[in-house]
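The primary structure of each chain is shown beneath.
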Amino acid sequence: QFHNPNFISTDATLYKNTHISERIVFQFRFEFYNLFNHPNFTGVQGDLSQGNFGEVTTQALPRWWQIGGKLYF
């Protein structure tokens, strides 16, 4: 029986809270998904009778990041 390789993903978040006043807080955030850009292959052809046996057809999410801000009051 054949299956896809293991899925490995490291996510991280960095944020900074800044007090604008006593009751108002602004949070600035960086969020990283698949931080080390490990390739996660999916759709490996596992049928021995096919000519493309063992061929990787798709890849899961690559590294991506986002920037955000929140305002708490």
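Scroll up to find the structure.
A short tour of the structure in this document, coming up. (Residues numbered from 1 in each chain as written. Predicted model: local features only at pLDDT ≥ 70, side-chain atom pairs only at ≥ 80, totals over all residues. Heavy atoms only, no water.)

Our next topic: the pattern of salt bridges. If the charged atoms of two oppositely charged side chains come close together, the side chains can form a pair. Across all of its chains, the model carries one salt bridge by this definition. Residues glutamate 31 and arginine 29 are paired through a salt bridge, measuring 3.0 Å at the closest nitrogen-oxygen approach. Note on accessibility: glutamate 31 and arginine 29 belong to one class, buried. (Salt bridge = Lys/Arg side-chain N within 4 Å of Asp/Glu carboxyl O. Buried < 20%, exposed > 50% of the residue type's maximum accessible area, 1.4 Å probe, protein only.)

This part covers the sheet that holds strand β2 (residues 25-33). Taken together, the three strands give an open sheet; going across it, the order is β1-β2-β5, and neighbouring strands pair in antiparallel fashion. With partners counted over all chains shown, the strands left at the sheet margins are β1 (12-19) and β5 (64-72), one partner each. Pairs of neighbouring strands in the sheet enclose a mean axial angle of 15°, with direction left out of account. Pairing of β1 with β2, which is carried by eight bridges, proceeds in the antiparallel orientation. Bridge pairing in β2 places lysine 16 opposite phenylalanine 28. (Pairing = 2+ DSSP bridges. Helix = DSSP H or I, 4+ residues; strand = E, 2+ residues; numbered from the N terminus. Axes fitted to C-alpha atoms, helices over the stretch in contact; angles between N-to-C directions.)

Inspection of the secondary structure assignment puts asparagine 40 in the loop between β2 and β3 (41-44). In this structure asparagine 40 comes out as buried when scored by relative accessible area, which is 1%. Residues in contact with asparagine 40, not counting those within four places in the same chain, are Asn6, Phe7, Ile8, Asn34, Gln59 and Ala60. (Contact = heavy atoms within 4.5 Å.)

We now examine the pairing of β2. If you look at the hairpin formed by β1 and β2, you'll find five residues sitting between the two strands. Judged from the nine bridges that link them, β2 and β5 form a sheet pairing that is antiparallel. Opposite arginine 29, over in β5, you have glycine 68 as the bridge partner.

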